[in-house]
Amino acid sequence: MDMFFDETQIKKKLRRITIISVLAIAILSGLIFTSYSSIKLYLSSTYSHMVHTESNEIAITLKREILGDLNALKTLSIFTKDEEMLKLQLPNRNLQSSNFDIIGFWHPDGSCTQVSLSGVNTNNHFSQLALEVQIAIIHAFEGQSAISDPYFSTSAHKRLCTICVPIRDENDNIIAVLSGAKDLVNFNRTLLRASERFPEINSVLVTGKGKIVANGIFSLFQNPDDANIFNSPLLNDEIKHKLNDALQKQLPFNISFKYLNNDYTMHVNPIVVNDWFLITLEIAKLTDTPGYSSLIAVIYTLAFLLICGLISAIVFYIYIRRGYNKQLELASFDLLTGAYNIFKFKKELGNISFKENKFTLIAFNIRDFHYLNEIAGTDVCNEILKTIVVSTKNFKEIIYKCRTRVDQFYLLIAPTEPTDINKLFFDFVHKIENNLSDFSIQLPIVFYASYAVSTTDDNDATLLHKVDFVQKQMKKSYVHQLEAYDDKTHQQEKFIKKIESKMRKALENDEFKIYLQPKIEISSGKVVAAEAVVRWHQPDGSIIFPNDFINIFEENGFCVDLDLYNFQKICVIVKNLQQKFKTNINISINQSMNLLLRKDYIANIHKIIDKTGVDPKLITVEILESIAAQNINELINCVNNIHFLGLKVALDDFGSGYSSLNVLSQIKIDELKFDKEFLMEKDPIKQKYNEEILRHMTELAASFNINTVAEGCETEQNLNFLKKIKCNIAQGYFFDKPLLLEKFIEKYL
C-alpha cells in the first residue's frame, strides 16, 4: 500500500515548530540574562568568603599531613632501637599513607641504614647530605623533632624534605635518629587537589625565608629560574617588605596589589609546623576568574546548542539512513583488524566458481597465542593482530583476508603452485616481523599455517574443512611452519575416519590393552612405580600405538570413554597386584583434558574406586602441563577433589612449550615429570642448557616437597646426571620399554 504525505500539513507542522522554537529561544535568552545577572551578584558577594575559607582548609590539610607524617615517625621510633628492629617493624606499620620514600636509621657516627619504600635511595652518610638535612638530624640528636627545609637530592633526583625524630633507650638517652624522606610532590598533590576544587586561586607553600616548598597547578608566584617567592616578579619592594615582616612574626596577613593591570589579593596563613606558610593568591577582579569565564561559556554554549538542535532535527533522518548503511558495512568486518569477518568471507568464497579457476586458501595462526596474550598483554597482542592485516597490503596475490577466531586468519590467494605458496608465506611472515620490530615482546612470535589448493569438486565448505583439518594434525613446533592438504593428508583423513568407525567396537571387545613401563627409584635402583600406557590390539594381530589414535580421540571426544575404561582397568590391576603379590606398587595414568573438565569426572572415578575396592593412594593421575597452564582455574577445584579421594596427582611433560611456574604455586602436585626432550637433546650446547634447566627445576620441586620423575632416560650418562642433580625417579628405555601386564609381572614381581 502506498503511503501518502500531506505537504500542507507538513508545512503547518514546520511553521508551528518554528514559532515554538523562536519563543523558546526568546524565553531561554531572557532566562540566560536573568541568570547571568543573579549569578554575577551572588558570586561577587560570596567570592571573597569562599577564597578565605578554601585557604584555611588548605592550610589545615597541610598541617594535618605534616603532623601525620611526624607522628607516624615518632610512633615508629618507639618500637625501633636498632636497624634490624626497623626492618622488622616497617611491614607492621602503615607508613604508605605518609608517602615516605626512604626511612633512615642514623647512628651518632654519621652512618645510616636505609629502607626504601619507593625504590629510591639517597646518600647514607651524614657528610654527604644536604645542609638542610644535616641541620634537622643535629636537632634530633639534641632531642628535638625536626623537619628540614626543602632540598634537591642529587642521588634521588628529586626535591625532598626530611623529618627527623630522636630514638631513646630505656634511660631516655638519645641513641639514634630516625628520619623519613618525603617527596615534595606529595604537597604539590594537596595543592593540586585544592586547585581542582577552586581553580580561581593559586596556592604556594613556603618556608619562613620564602623558599618555595610546593605549589599548585598554576603558580603565578614562581620564577622558573628561582624557587624563592621573594624573587617573583609579582611582588614589588613594598609588598616584599610587608610579606617578610609577616613571615618573621608568623602572623596571618592579607594585602591587595596590582600587577600588569590586574588586581590581586594575597592571603598568608601560618601552618605553625616548621615555620611554614601557605600563601594564596586571589584574582580580585571577578570577571577575570576562570570560574566566571566558564560560567559565561556555559551560558553561550547552551544557547548555541539549542539553535544547533533545531537545525539538527531537520537533517536527522538523513543520518539515520546513513547510520543504518554503516551498520550493515560494519557487520561484514572484524572491528579490531578491519579484515572480513567469517560471515562475509564465507559469502565471498561462496560466490567463487572453483570449476573455472583455481585458488589457494591459507589458514594462518599464531603459536601459543594465549601465552603471548598473558605475558605481553592484550594491547600488544591487538597490535600484533592488526599488523598481520596491515601487512597483507604489500601482497597483491592476497585476494581476501578474514579474521575468524582470536588468532586465526584465512587468506585467499591467487598462487596455486607449492613453491609460490611457500615463498608467499615466508615473505609474508618476514614482512610481519619487520612491522613488529618496534614492539618489545618477551616471547618469540611463531606463525604456522595450512593451505589447500581448490579443485573442481570444492566449494567454500570443503575448502575450509581441508585447511582446518591440516591445522588440527600439525605437530607443535616453535619455528614458522607451513603444511599443505595433499594426498598424504587425504589418506590421513581416511585413516581417521577408519579409526573412528572401529573405536567403539574395539572398546567393547577389550582391544585396548594396558602396558606398564617401570619407574625406577634412582637412589636404590628398585622399581617403585609404573606408568600405564595403552596399545590398540586389532583382531588381525596388528598394533596401533597411541600417537596414531590419541589425538583423534581427543578431537572427537572418545577419549572420555577410553580414559574412564582404562582407569577402571588400572584400579583392578592395582588391587590384584596388592592381593596376589603383596606389593604396593603405584601406577600412574594419564587423563585427558576432555575428561578432567567434565562436571561428573570426580563422581565417576569415585564410583570406580568404591566398586574395585582399590587403595587410592596407589594410583597417580597424570595431567599434562599444557592442559594445566591453559585451564588452571578450572583444574584447581578438580585437583583438590582428586586429592580428597586419596589419589595422587602428577604434572606430566613439565618444561615442554612455555612452562608456567604459576601452576606449581596454585595446584597441589605430588609428582613432577620432566619432559623427555630434556634428556634426548643431542646438540652439546643445548644439552648443557637442558641440564641446567633440569637441575634448577629439581631444586624448585624439592623446595615444594614434590617428587621428580625424569622421562627419556636412555643411557647410563643420563642416569648418572639424574643422580647428580638428586632427581627421585627415572623412567625410560635404559631400564625397560612398556610391557604387557603379564610380562611386567613376570619380570618385576
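### Some remarks on the packing of helix α11 (residues 460-473) against helix α12 (residues 487-508)
And step 1. Interaxial distance between α11 and α12 falls to 11 Å at its minimum, and their mutual angle equals 80 degrees. Looking at the two axes, α11 sits roughly perpendicular to α12. Between α11, through His465, Phe469, Val470 and Gln473, and α12, the contact on the second element is made entirely by Thr489, Gln492, Glu493 and Ile496.
And step 2. For the contact of α11 with α12, the residue count by class is three nonpolar, four polar and one charged.

### Focus: the environment of Pro444
And step 1. Within the secondary structure layout, Pro444 lies in the loop between α10 (418-435) and β15 (447-453).
And step 2. For Pro444, a relative accessible area of 54% corresponds to the exposed category.
And step 3. Sequence separation of Pro444 and Leu372 is 72 residues, and the distance between their C-alpha atoms is 8.8 Å.

### Quick word on the sheet that holds strand β16 (residues 481-484)
Strand pairing in a sheet relies on backbone hydrogen bonds. The paired strands run either parallel or antiparallel.
And step 1. Taken together, five strands build an open sheet; the order of strands is β13-β14-β12-β15-β16 and the sheet is mixed. Two strands in the sheet have a free side with no partner beyond their single neighbour: β13 (398-403) and β16. Looking at each pair of strands side by side, their axes are set apart by 20 degrees on average, direction ignored.
And step 2. Relative to strand β14 (residues 409-413), β13 runs antiparallel, the two sharing five bridges. Bridging across to β14, Ile398 finds its partner in Ile413.
And step 3. Against the sheet, helix α7 (residues 342-350) makes contact with β12 (360-366), β13 and β14, and its axis sits at roughly 150 degrees relative to β13, the strand it touches most.
And step 4. Its contacts with the sheet place α10 against β12, β14, β15 and β16, and it is angled at close to 150 degrees to β15.

Procedures and definitions
- Residues numbered from 1 in each chain as written.
- Predicted model: local features only at pLDDT ≥ 70, side-chain atom pairs only at ≥ 80, totals over all residues.
- Heavy atoms only, no water.
- Axes fitted to C-alpha atoms, helices over the stretch in contact; angles between N-to-C directions.
- Helix = DSSP H or I, 4+ residues; strand = E, 2+ residues; numbered from the N terminus.
- Parallel < 35°, antiparallel > 145°, perpendicular 65-115°, else oblique.
- Contact = heavy atoms within 4.5 Å.
- Nonpolar A, V, L, I, M, F, W, Y, C, P; charged D, E, K, R; others polar.
- Buried < 20%, exposed > 50% of the residue type's maximum accessible area, 1.4 Å probe, protein only.
- Pairing = 2+ DSSP bridges.

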